[in-house]
Every structure is written in C-alpha cells, then in structure tokens.
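Residue-level structure breakdown
Next come the chains, spelled out residue by residue.
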Amino acid sequence: MFDATEQINAVQRQVGRRTLEAGEARVTTISQTYQATAEDLWDACTNAERIPRWFLPVSGDLRLHGTYELQGNAHGTIESCEPPHRFTATWEYGDEVSWIEVRVTPVGDERARLDLDHIAHVDQDRWTQFGPGAVGVGWDLGLLGLASHLAGDGSGVTPEQSAEWSASDEGRRAMELSSHLWGAASIAAGTDADEAKAAANRTTAFYTGAPEA
C-alpha cells in the first residue's frame with residue numbers, strides 16, 4: 001500500500017547556489033531513486049501521454065527547442081535534451097522565468113535515480129519569507145505523483161485525486177513534513193536555524209491553510 005509519509009521521507013533534498021549570466025541564483029534540488037529502468041523513468045518524465053498520468057496535462061512540442069505548457073501552471077522552452085539522460089528547460093510562471101534541469105541516472109539494472117534542479121533568481125525578502133519550500137513542496141507533490149504512477153499497482157495518488165487528497169489529513173501531514181524537511185535542507189546549506197524553521201512554518205501555512213506554528 002502506498003504510504004505518503006514514506007514517500008516524502010524517501011526523497012533527498014539539497015539547497016545551493018549557481019552563478020548565471022544574470023547573476024547568482026538559488027538552486028533547489030530534489031532527488032529520488034525508483035524501482036524502474038532509466039529508460040522507463042525517462043519516458044515517464046518526457047512522454048506527453050504519460051506526464052498527465054502523474055503530473056499535469058501538457059501540450060506543445062516536447063523536443064529540443066520546442067515549447068511546452070502545463071495546464072494551469074508553467075510553460076517554457078526545452079533548451080537542451082540528451083535522451084535518456086538529461087534535459088533542461090525554462091520554467092515560466094506569470095512574469096517570472098526560472099529554469100529546470102532533469103537528470104536520469106541508472107542505478108543497477110532495474111533502478112534509476114531522478115535529480116531535478118529548480119534554478120531561480122529569488123530576492124532575499126522572498127527567500128527569508130518562505131525559503132526553498134516555496135518550490136520544494138510543489139516538487140515533492142510532483143514526485144509523489146510520479147512514485148504513485150511508477151508503482152503501477154493502483155495505489156498512491158493520481159492527478160484526479162490530488163485536490164481531494166491535498167485537503168485530507170494525510171495530505172496536510174505530507175505537506176507539513178515536506179516543509180520541515182526543506183527547512184532542514186536550508187539549515188544544512190547554512191541558513192540560520194530559527195530563520196529556516198520560521199520560513200518552513202510559513203510555507204506549511206501557505207500550502208495547508210493552517211495557522212503558522
């Protein structure tokens with residue numbers, strides 16, 4: 001049976017920085033190893049027919065220099081693609097542009113690791129307010145959907161169930177745990193512990209609607 005808490009704990013999180021032409025950017029990295037071949041994991045993350053089964057409906061031309069649009073969310077351009085190992089794309093939401101880099105690495109014959117970097121210029125006030133959890137919790141929910149899809153046994157959370165699940169006690173607990181773990185990753189990257197914990201509490205409140213702790 002799929003366990004959302006176990007899934008959140010199975011994810012690795014890292015916070016860092018990267019220097020781009022436009023200046024220094026924050027990098028939020030989320031990773032997980034799956035019981036799947038690298039080819040199958042790559043296909044799940046790049047096949048327009050499979051992406052809606054675990055994430056969001058997608059349209060566009062999913063190839064090098066093509067554009068994509070995730071229904072009700074981000075859109076962008078695929079800037080590089082090296083199947084079945086790596087792709088990069090812009091992540092455009094509202095009037096803000098950031099970038100994603102997705103890497104798939106074989107881990108033995110029947111296991112593969114997914115690493116996703118979300119790279120963004122974030123002003124210090126917003127970072128202080130929410131920290132990496134602002135985008136990290138959303139990616140945790142995405143990987144939860146991917147793990148559900150790859151399980152292939154009908155358990156887990158499908159996109160059709162996600163809204164109801166997110167409002168459930170289990171969903172709120174999972175998002176709170178995700179916020180806490182992103183706070184821990186921020187502390188490991190050098191953020192003041194009290195500041196990181198306060199940001200995690202605000203992120204939890206944002207995603208769950210609960211009062212700040």
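Structure first, text after, so check above.
Since we're looking at a predicted model, the values are computed, not measured. (Residues numbered from 1 in each chain as written. Predicted model: local features only at pLDDT ≥ 70, side-chain atom pairs only at ≥ 80, totals over all residues. Heavy atoms only, no water.)

The subject of this paragraph is the overall build of the protein chain. Along its length, the protein chain carries eight helices and eight strands. For a compact globule of 213 residues, the expected C-alpha radius of gyration is about 17 Å, and the protein chain comes in at 17 Å, within 12% of that figure. The dimensions of the protein chain, computed from C-alpha atoms along their principal axes, are 45 × 40 × 35 Å. Put simply, the protein chain has 213 residues, and 42% of those count as buried. Contacts in the protein chain between residues far apart in sequence, at least 24 positions, make up 51% of those at least 6 positions apart. Each charge sign in the protein chain was given a centre, from 16 positive and 33 negative side chains, and these centres are 3 Å apart. (Helix = DSSP H or I, 4+ residues; strand = E, 2+ residues; numbered from the N terminus. Rg over C-alpha atoms; globule rule 2.2 N^0.38 Å. Buried < 20%, exposed > 50% of the residue type's maximum accessible area, 1.4 Å probe, protein only. Contact = heavy atoms within 4.5 Å. Lys, Arg positive; Asp, Glu negative; His and termini not counted. Charge placed at Lys NZ, Arg CZ, Asp CG, Glu CD.)

Looking now at the packing of aromatic side chains. Given two aromatic rings, their pairing is described by the distance between the two centres and the angle made by the two planes. Using the criterion set out here, one finds six aromatic pairs in the structure. Aromatic side chains Trp42 and Phe87 sit 5.9 Å apart centroid to centroid with 75 degrees between the ring planes, which places their arrangement in the edge-to-face category. One end of the pair, Trp42, is in helix H2 (residues 38-46); the other, Phe87, is in strand S6 (residues 86-93), and 45 residues separate them in sequence. Assigned by exposure class, Trp42 and Phe87 land together as buried. Ring centres of Phe206 and Tyr207 lie 5.3 Å apart, and the angle between their planes is 85 degrees; this geometry places the pair in the edge-to-face category. A relative accessible area of 59% places Phe206 in the exposed class. Under the relative-accessibility criterion, Tyr207 is labelled partly exposed at 23%. Taken together through their ring pairs, the aromatic side chains of Trp54, Phe55, Trp91 and Trp139 make up a single cluster. For the cation-ring pair, Arg13 lies above Trp182, with the distance from its terminal atom to the ring centre recorded as 5.8 Å. (Phe/Tyr/Trp six-rings, centres within 6.5 Å; stacked < 30°, edge-to-face > 60°. Lys NZ or Arg CZ within 6 Å of the ring centre and 35° of its normal.)

Mapped onto the elements, Arg26 comes out in strand S2 (residues 23-34). Once the C-alpha coordinates of Arg26 and Asp169 are considered, the two residues, 143 residues apart in sequence, prove to be 31 Å apart. Contacts of Arg26, omitting those with residues within four sequence positions, involve Gly16, Arg17, His118, Ile119, Ala120, Val122, Gln124 and Trp127.

For helix H7 (residues 169-188), spanning 20 residues, the distance from its first C-alpha to its last is 29 Å, which sits close to the expected 28 Å at 1.5 Å a residue. Those residues of H7 that fall on the buried side of the exposure criterion are Gly171, Ala174, Met175, Ser178, Ser179, Trp182, Gly183, Ala185 and Ser186. Just downstream of H7 lies Gly190, where phi reads positive at about 110 degrees. (Expected span 1.5 Å × (residues − 1).)

Take the nonpolar core next. Here is a general trend for soluble globular proteins: nonpolar side chains tend to be buried in one another's company. Tyr34, Leu41, Leu114 and Leu146 are the most contacted members of the largest nonpolar core, which has 43 residues in total. A per-element tally of this core places helix H5 (residues 133-151) first, with seven residues. Excluding its chain neighbours within four sequence positions, the residues that come into contact with Leu114 are Ile30, Ser31, Gln32, Tyr34, Leu41, Cys45, Val102, Arg103, Val104, Leu143 and Leu146. (Core = buried A, V, L, I, M, F, W, Y, C linked by side-chain atoms within 4.5 Å.)

What follows covers the sheet that holds strand S4 (residues 67-70). Strand order in the open sheet made by the eight strands is S1-S2-S8-S7-S6-S5-S4-S3, with antiparallel pairing throughout. Looking at the sheet topology across the chains shown, the edges are occupied by strand S1 (12-20) and strand S3 (58-60). On average, adjacent strands in this sheet sit at an angle of 25 degrees to one another, irrespective of strand direction. Pairing of S2 with strand S8 (residues 112-120), which is carried by nine bridges, proceeds in the antiparallel orientation. Each residue of the ladder has a partner; that of Thr29, found in S8, is Asp117. (Pairing = 2+ DSSP bridges. Axes fitted to C-alpha atoms, helices over the stretch in contact; angles between N-to-C directions.)

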